[in-house]
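Overview (structure and organization)
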Amino acid sequence: MPRLHPNRLFPCLLLFLILLVPPRPSPVSAQQKPVFACDVDGDPRLKQLGFCDKSKGVSARAADLVKRLTLDEKVTFLVNAAGNVTRLGIPHYEWWSEALHGVSYVGPGTQFSSLIPGATSFPQVILTAASFNTTLFQTIGKVVSTEARAMHNVGLAGLTFWSPNVNIFRDPRWGRGQETPGEDPKLSSKYAANYVRGLQRSDDGSPNKLKVAACCKHYTAYDLDNWKGADRFHFNAIVTPQDLEDTYQPPFRSCVFDGNVASIMCSYNQVNGKPTCADPDLLNGIIRGEWKLNGYIVSDCDSVDVYYRSQHYTKTPEEAAAKAILAGLDLNCGSFLGQYTKGAVNAGLLDESAVDNAVSNNFATLIRLGFFDGDPRKQLYGKLGPADVCSPNNQELAREAARQGIVLLKNTAKSLPLSPRKINSLAVIGPNANATKTMIGNYEGTPCGYVTPLQGLSLSVPTTYVPGCSSVSCGTAQIEDAKKAASSADATVLVMGADQSIERESLDRIDLLLPGQQPMLVSEVANASKGPVILIIMSGGGFDISFAKSNDKITSIMWVGYPGEKGGAAIADIIFGRHNPGGKLPMTWYPQSFADKVPMTNMNMRPDPATGYPGRTYRFYTGDTVYKFGDGLSYTDFSHSLIEAPALVAIPLDENHVCRSSSDCKSFDIQDAACQNVAFDVLVTVRNKGKIKGVHTVFLFSSPPALHQAPQKHLLAFEKVSLSPASEMSVRFFVDVCKDLSIVDEAGHRKVALGTHVLHIGDLTHSLNVRI
Ligand SMILES: *[C@@H]1O[C@H](CO)[C@@H](O)[C@H](O)[C@H]1NC(C)=O
Ligand SMILES: *[C@@H]1O[C@H](CO)[C@@H](O)[C@H](O)[C@H]1NC(C)=O
Ligand SMILES: *[C@@H]1O[C@H](CO)[C@@H](O)[C@H](O)[C@H]1NC(C)=O
Ligand SMILES: *[C@@H]1O[C@H](CO)[C@@H](O)[C@H](O)[C@H]1NC(C)=O
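Owing to the predicted nature of the structure, the values given are computational and were not obtained by experimental measurement.

The rules behind each value
- Residues numbered from 1 in each chain as written.
- Chains lettered and ligands numbered in written order.
- Predicted model: local features only at pLDDT ≥ 70, side-chain atom pairs only at ≥ 80, totals over all residues.
- Heavy atoms only, no water.
- Near = heavy atom within 4 Å.
- Polar contact = N/O pair within 3.5 Å; in protein donor to acceptor, adjacent residues only side chain to side chain.
- Areas by Shrake-Rupley, 256 points an atom, 1.4 Å probe, with all protein chains shown as cover.
- Helix = DSSP H or I, 4+ residues; strand = E, 2+ residues; numbered from the N terminus.
- Nonpolar A, V, L, I, M, F, W, Y, C, P; charged D, E, K, R; others polar.
- Salt bridge = Lys/Arg side-chain N within 4 Å of Asp/Glu carboxyl O.
- Buried < 20%, exposed > 50% of the residue type's maximum accessible area, 1.4 Å probe, protein only.
- Domains from an automatic or database assignment.
- Contact = heavy atoms within 4.5 Å.
- Buried area = accessible area lost by both parts, 1.4 Å probe.
- Pairing = 2+ DSSP bridges.
- Axes fitted to C-alpha atoms, helices over the stretch in contact; angles between N-to-C directions.

Attention shifts here to the site of ligand 4. Every residue near ligand 4 is listed here: Asn133, Leu136, Gln404, Val695, Lys720, Val721 and Ser722. Asparagine 133 places a side-chain nitrogen or oxygen 2.3 Å from an oxygen atom of ligand 4. Residue glutamine 404 places a side-chain N or O atom 3.3 Å away from an oxygen atom belonging to ligand 4. If ligand 4 stood free it would expose 360 Å²; the protein chains cover 66% of that surface. The greatest single-element share of the shell around ligand 4, amounting to 3 residues, is contributed by strand β20 (residues 714–723). Residue composition of the shell around ligand 4, by class: 3 nonpolar, 3 polar and 1 charged.

As structure tokens, this is what we get:
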């Protein structure tokens, strides 16, 4: 999302500075008053205005406001730096704030100051997703919105946050994969709905009020930043109707349907030749028509300008403005619609009523946020203030989230956890061993305070620290000191991987190998080490670390994502056994050969035997992997047993349904009335066979009949459980046949395939026959 377009460097220089220069506490004189409209205490005349009347409904208030505005005034409400109308008591409002994994300083709507110098910085989303804990997704969202409200009350934050990023992580090289919940549509859908609920849900339970407004982005099929000259500002994603419907759209649909999100952001790229922000089918047709968005559609910064100036999609800027608004865009991050919309109306390209409609959607959102209810310090969240930001509980949740997400990938001979009684010295090596800012990834804020891996580990045992490389790019490794430290320590921890110089917004990777001489450093240190060697990969995307996987001297491997401000404490908790890891990979780790042969620009999910294209993600990819989606070990062992699952499900199709008379009917459409309420339960018992407490994610996958190039396997449901030693519990999955078992055909229609669906739970399989 938001980064302004290079062609607009000059006018956007100021914003660039806001974006790129890490914020510094502003002077104490910074504004300490919230921004709000309808200050009826300060100006009793405002009481007469219908839009200030809290007893009226949201749309009536929005309509009242719109009818009081001139066209010149209206167009100022189409852009993120919105206008002000002094005669109506409406101050400027800045729409652009971010809260991907904590309140962020990216976006001009939010700043830190000496009053609130930082906010809780949770793990980057890809690691939180690895927890597969939907309660955690929501709990983090709730804490973030509490901190946001506290900052709003002292004039430091807006109310509209352009988070989360729910694009599918379809290619391991994508620089923004770190921001997403991974490669699976089901997990991404659950993440979207739960994080959004956490951010938005009103403390008084009122469904039409918003605590803050979230925004799911970047709609749609975005997934590429800058790879070998292909960049997001010019990329035309060629997407089949099948892939669009069963891979790219589900997180957005769930975000609107299940999460009731207040906003969707359209992306920079084109989908099949049309810029998403100018596509009436994608915006008005799907988001508003089918999904019934209650809120506003916003452009990426500055998508409209990008499709006019860089993609040359329209001849004039007025046409570009008209196309956006007619497609369903309500708000433009940038200034384009403020400049050209009036001209578009005057040229007859657009009715003023379309502008009314757009600004009404924006006002309705602000009304639901209480912006037109007077001073927020006298409202529902009025008591929140600086003490509610970075509270000990919130910071503890950041540590807990990292613990829940961290994935143990290798643990030969149970060499982890280390016993602090037996280990008297630890060599801590690697360019990320004392990482601070690297741990919070991008779309970050100023954190409350870091615990680096070195600091976390040093609290348990004496450590020797050797960076080994001067940066993660590791041009020349300093191997000798590192080997010496490893050769004399009881155990060695190597903290390697990436940072924003390797993978970030506007920078996709070219290959999947650890940067520079990192592999050599790891191998040499491992060979020289006296005790067990624990390799920690800190990164957003996966790496081809086959060399380490097969090296017997490397006893353990852990992936820690970008683990947030307390990441080092969480890593130490796991290494010393204070927490038993339970995270699972939310994305496939591919070998380097994938990057050598697959163009990042190919959006197809399905393999193509004719060209040797291997397909993408665990659902379709047919090649070798380094680690698989769902991989992740524990310090204990779990077993599953299947208690209950049907062998047969019959669909009560109508007597005269074509499938009744045709013997070669292989699937039927879920639009069919018979598809209502056909469901079954799968009951599984999970047992902790070991001697320590552990957490485990139970996955229910299905392999559908080989029809319509169906996925080889897809996730129907998952459930995270916590189990004491030698105990068991049952997990019940509710499977709606048409929603959960369905696949998408070549034309993009959801179908249920008749025949055998094989359910997978751990190593168990169960055949289920679906017939009519
Ligand atoms: C409000 O807008 C007017 C122009 O319409 C401008 O002159 C004035 O300074 C603005 N007020 C504030 C507080 O920004
Ligand atoms: C590790 O990082 C912390 C935080 O930046 C710093 O205070 C400390 O000096 C570093 N430790 C070493 C040994 O460099
Ligand atoms: C491991 O170290 C020994 C000496 O300690 C050396 O002979 C050997 O070549 C090294 N092996 C590798 C793979 O570096
Ligand atoms: C899921 O996360 C919540 C919130 O942090 C936590 O209370 C709960 O124990 C977690 N569930 C499991 C099974 O770990």
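Okay, back to it.
This model, assessed by the stated rule, comprises 40 salt bridges. Among the ionic pairs, arginine 616 bridges to aspartate 171, the shortest N-O distance being 2.8 Å. Highlighted residues: arginine 616 in the loop between α20 (592–597) and α21 (617–620) and aspartate 171 in the loop between α5 (134–153) and α6 (185–200), separated in sequence by 445 residues. The class for arginine 616 is buried, based on a relative accessible area of 0%. The buried category is assigned to aspartate 171, whose relative accessible area is 1%. The salt bridge partner of aspartate 246 is arginine 606, with a shortest N-O separation of 3.0 Å. Taken together, the positions of aspartate 246 in helix α7 (residues 241–248) and arginine 606 in the loop between α20 and α21 put the pair 360 residues apart, joining distant regions of the chain. For aspartate 246, a relative accessible area of 6% translates into the label buried. Connected via shared salt-bridge partners are Glu396, Arg399, Glu400, Arg403, Asp573 and Arg578.

Here we take up the domain arrangement of the protein. Here the protein is described as being made up of domain 1 (44–387), domain 2 (402–597) and domain 3 (636–771). One C-alpha centre belongs to domain 2, the other to domain 3, and the line joining them spans 37 Å. In this complex, domain 2 contributes 6 residues to the contact, which on the side of domain 3 involves 10 residues. Regarding the contact of domain 2 and domain 3, the summed buried area is about 550 Å², with carbon and sulfur atoms giving 45% of it. When the area that domain 2 buries against domain 3 is broken down by residue, the three leading residues are Asn580, Gly582 and Lys584, summing to 72%. Where aspartate 637 meets lysine 414, a salt bridge forms, and the shortest distance between an N and an O atom there is 3.6 Å. Broken down by class, the residue content of the side of domain 2 that touches domain 3 amounts to 1 nonpolar, 3 polar and 2 charged.

What follows deals with the environment of valine 271. Assignment of secondary structure puts valine 271 in strand β6 (residues 270–271). Relative accessible area serves as the criterion here: at 6%, valine 271 is assigned to the buried category. Considered as a pair, valine 271 and valine 239 are 32 residues apart in the sequence and their alpha carbons are 6.8 Å apart.

Let us look at the sheet that holds strand β21 (residues 728–736). A sheet is described by the order of its strands in space; here 3 strands give the open sequence β15-β18-β21, paired in antiparallel fashion. The sheet terminates laterally at β15 (638–644) and β21, the two strands that pair on one side only. On average, each strand axis in the sheet is inclined to that of its neighbour by 25 degrees, with strand direction left out of account. Alignment of strand β18 (residues 679–688) against β21, held across 9 bridges, turns out to be antiparallel. Paired with valine 684 across the strands is valine 731, a residue of β21.

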